[in-house]
Amino acid sequence: MKFNTALIFLFSGIILFLSKKNKSEFKSLYKALSYTMIFIGAFTIAEHLGLSFFSIDNIFIPDKLTTTNPGRMSPATAICSILIGVGFLGRISSNKAINKIGLYSFKFTAILSLVAIISYLLLIPLSSKTVFFKSMAIHTSGLFLLISTLQLFNNPNSSFHQILIGDYEGSKLTRKILPVIILFPIFYSFILIFGINQEFISVDFGLVAYAAIFIPLSIIYVSYIAIGLNKSEKERRKLGQELEDSNRYYLKRFKQGVDQVSLIGTLDINRNFTYVNELFCEVFKYGKDEILNQNISILRSGHHEEKFYTDIWKKVDSGEIWVDEMKNKGKDGSFHWTLTAIIPFKNDKGEIFEFMSLSQNITERKTAEESKSDYFKKLEYKNKELEQFAYVASHDLQEPLRTVNNFTELLAKRRTEYFDELGLKSLQYIQDATSRMSELIKNLLDYNRLDKDNILTQIDCNQLVKDVEKDLSMNIDDAEATLIYNNLPTLFGYETPLRLLFQNLINNAIKFRKKDIKPLIEINATLKAGEWLFSIRDNGIGISPKYKDKIFVIFQRLHNKNKYKGSGIGLAHCRKIVDLHQGQIWVDSIDDEGSTFYFTIKIKEHD
Ligand code: ADP
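Residues numbered from 1 in each chain as written. Predicted model: local features only at pLDDT ≥ 70, side-chain atom pairs only at ≥ 80, totals over all residues. Heavy atoms only, no water.

Caption draft 1: Structural context of the sheet that holds strand S7 (residues 482–485). Taken together, the five strands give an open sheet; going across it, the order is S7-S9-S10-S12-S11, and neighbouring strands pair in mixed fashion. Strand pairing shows two members of the sheet lacking a second neighbour, S7 and strand S11 (585–589), which therefore form its edges. Ignoring strand direction, the axes of neighbouring strands in this sheet form an average angle of 20°. The pairing of S11 with strand S12 (residues 595–602) spans five bridges and is antiparallel. Its bridge partner being in S12, Asp 588 is matched across the sheet by Thr 596. Most of the contacts of helix H14 (residues 461–471) go to S7, to which it runs at about 175°, and overall it touches S7, strand S9 (520–528) and strand S10 (531–537). (Pairing = 2+ DSSP bridges. Helix = DSSP H or I, 4+ residues; strand = E, 2+ residues; numbered from the N terminus. Axes fitted to C-alpha atoms, helices over the stretch in contact; angles between N-to-C directions. Contact = heavy atoms within 4.5 Å.)

Structure follows, in structure tokens:
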């Protein structure tokens, strides 16, 4: 190998190393080496052409061994070094045309060096060499072939890379055929030339034998490849057909499914119907011929304002999907609520060319919702009316009642002489009844006022119960009752109503005690799922389970008023107070075994 040739490979090696580094400071060295390769190749060619104005052959190291043209590389080597240099420059260029030239340079180098190798192999038996490849050594051509094919292989833009690496049939075929069509002729020609050279066979026989064997073998090989290709093509087509069939099957199923539950229509750019499905016609009572080419506005019910529709199309025309509920009108004047999506479709240029309207009929649900909200409104109104009535009635009743009371009192005090015993007793009854009625009316007014003007405050329940205990101290002392409570929470609530709640429950626990047993009342609280659960347990007379709901109804009592005093409003109050705190109240009790009243208080955000 000539010194300059070795230099070309050294430069190539350095360039390959630099290209891995991918650093900008190496770029100039990369370029300089590539240009030097082109330069050495070009001057060598010039010398071969007799233009010896500048000799490059022995410039670095003088060749003392070769007699003819010492130190000069062969024309083929010189051309390959120019091509490799151009190839390297093309690789890093940002210009696409230069990239391409670079790729072609590598391809050309690969072909030249391959031809040189083949010629070399075939020239061995002939022991003579053609002029062009005269001094391109086998290792030189081998190295050029290696460099150029590697470069082609590494470049994803090169068709060589795509052909050899690809997964397509063409690539597979190339990978199969290429080694055979390169190696077989070389091997076969080598044998024939060797035979001719050694005079085992004549030249004529050699040529005939070449054709006679090469052609049938090629036919057999091509047929073998073709059979394989046909088979895989057949499989591919079969798979394609199966895929198409299954796609068509599922598309059909999807459409059948959607058609049964959705009202579907497509609209052109002017919002005129171009297609509607059966369900659409069924709901809106239009025949297909009647609705096609009609504008979508034909379905307007008059329920929505113009802005509603302007907003829809503003959104859809901007390419977005609009989804909402709308009220539509059918041909027969019937109204239908739908949950509708209007979807714009765009072409390749991004322009909208079609819309689809996809709707669910929600008329039943909407009607139910409408009547529910009507019902709630009515209920609210009735409730207010009832409250007003209770207030007016109780307030206005107080006046005549006071008059009756005053006059009976007057009669009883000043006119006793006019009454016999029965008369006096009757007066007493009237007085009792009127004061009881006055008490009831007062309770009713209190009940009505309970949920008015309350302010949410932080309440320490321990303190609250302590205050109630103080208020009820006379009752507690009389009954020798014991009240146990500890660790009650601090919570946000309405203070006065809560105080009344504890007061009523504690009072009842004392009032409904067993005859010879001192009342023991235990109050506890636990935190459960966002609410406080309070329990007030007593050891009193208990409540039969069948009355556990009845006792919370206003003015409901289980005992005679002579046995246990009271108006029957205490627990109704308690329920209203618990309601006010978004909780629940209930009792757990067995007749004669004491009772436990439970109530919950929802934790407010402040807690
Ligand atoms: P009042 O106490 O004025 O009778 P309430 O509404 O407070 O009215 O109570 C309704 C009824 O529930 C009472 O008449 C009583 O029969 C029953 N009751 C309430 N608390 C208890 C209790 N702790 N033990 C037994 N019975 C009770």
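Okay, back to it.
Caption draft 2: Looking closely at the sheet that holds strand S1 (residues 262–267). Strand order in this open sheet of five strands is S2-S1-S5-S4-S3, and the pairing throughout is antiparallel. If you trace the sheet from one side to the other, it starts and ends with strand S2 (273–276) and strand S3 (322–329), each paired once. Each strand of the sheet is rotated relative to its neighbour by a mean of 30°, with strand direction disregarded. Pairing analysis gives nine bridges linking strand S4 (residues 335–346) to strand S5 (residues 352–361), with the strands arranged antiparallel. Bridging from a neighbouring strand, Phe 345 pairs with Glu 354 of S5. Packing against the sheet, helix H8 (residues 203–261) makes contact with S1, S2 and S5, and its axis sits at approximately 105° to S1. With respect to the sheet, helix H12 (residues 363–414) is in contact with S3, S4 and S5, its orientation differing from that of S4 by roughly 130°.

Caption draft 3: A look at helix H7 (residues 169–197). Counted at 1.5 Å a residue, the expected span for H7 with its 29 residues is 42 Å, and the 42 Å between its end C-alpha atoms agrees. Most pronounced at Ile 177, the bend in H7 amounts to some 30°, and the proline Pro 179 follows within four residues. Taken as a whole, H7 has its buried residues at Ser 171, Pro 185, Ile 186, Tyr 188, Ser 189, Leu 192, Ile 193 and Gly 195. The first or second residue beyond H7 is Glu 199, which carries a positive phi of 60°. (Expected span 1.5 Å × (residues − 1). Bend = angle between axes of the 7 residues up to and from the residue. Buried < 20%, exposed > 50% of the residue type's maximum accessible area, 1.4 Å probe, protein only.)

Caption draft 4: Fine view of the layout of surface pockets. Put simply, the largest pocket is a space of about 890 Å³. In terms of lining residues, the largest pocket is bounded by 36 residues, among which Asn 508, Lys 511, Lys 565, Gly 566 and Ser 567 are the most central. Listing elements by their share of the lining of the largest pocket, those giving two or more residues are helix H13 (421–449), helix H16 (495–511), helix H17 (570–580) and S12. It is H16 that contributes the most residues to the lining of the largest pocket, eight residues altogether. Here the residues of the lining of the largest pocket are counted per class, giving twelve nonpolar, 15 polar and nine charged. (1 Å grid on protein atoms, 1.4 Å probe; cavity = no way out; pocket = protein on both sides within 12 Å on 5 of 7 lines; lining within 4 Å. Points joined across faces, edges and corners; volume = space filled by probe spheres on them. Nonpolar A, V, L, I, M, F, W, Y, C, P; charged D, E, K, R; others polar.)

Caption draft 5: Representation of the packing of H16 against H17. Where H16 contacts H17, the axes come no closer than 9 Å and their chain directions differ by 145°. The two elements H16 and H17 meet at a crossing, and its hand is left-handed. On H17, the residues touching Pro 497, Leu 498, Leu 500, Leu 501, Asn 504, Leu 505 and Asn 508 of H16 are Gly 570, Leu 571, His 573, Cys 574, Ile 577, Val 578 and Leu 580. For the contact of H16 with H17, the per-class residue count stands at ten nonpolar, four polar and no charged. (Left-handed = near helix turned anticlockwise from the far one by under 90°.)

Caption draft 6: Region of interest: the environment of Gly 170. Locating Gly 170 in the fold gives a position in helix H7. Residue class for Gly 170 comes out partly exposed when judged on its relative accessible area of 41%. The spacing of Gly 170 and Tyr 275 is 105 residues in sequence and 45 Å in space, taken between C-alpha atoms.

Caption draft 7: Expanded view of the nonpolar core. Grouped together as the largest cluster of nonpolar side chains are 39 residues, with contacts concentrated most on Leu 501, Phe 502, Ile 506, Phe 534 and Phe 599. The dominant element in this core, judged by the number of residues it contributes, is H16, at seven residues. Not counting residues up to four positions away in its chain, the partners in contact with Phe 534 are Cys 461, Leu 488, Pro 489, Leu 491, Phe 502, Asn 524, Ala 525, Phe 597, Tyr 598, Phe 599 and Ile 601. (Core = buried A, V, L, I, M, F, W, Y, C linked by side-chain atoms within 4.5 Å.)

Caption draft 8: Just the site of the ligand, in detail. Near the ligand, the surroundings consist of 21 residues, among which Asn 508, Asp 538, Arg 557, Gly 568 and Leu 571 are the closest. Between an oxygen atom of the ligand and a side-chain N or O atom of Asn 508, the distance comes to 2.8 Å. Between the ligand and the protein, one listed contact pairs an oxygen atom with a backbone N or O atom of Gly 570 at 3.3 Å. Taking 530 Å² as the accessible area of the ligand by itself, protein coverage stands at 98%. Using a 2 Å cut-off from the grid points, one finds that the ligand occupies the largest pocket. Elements with a contribution of two residues or more to the shell around the ligand: H16, H17 and S12. Per element, the largest residue contribution to the shell around the ligand is three residues, and it comes from H16. (Near = heavy atom within 4 Å. Polar contact = N/O pair within 3.5 Å; in protein donor to acceptor, adjacent residues only side chain to side chain. Areas by Shrake-Rupley, 256 points an atom, 1.4 Å probe, with all protein chains shown as cover. Sits in = over half its atoms within 2 Å of the grid points.)

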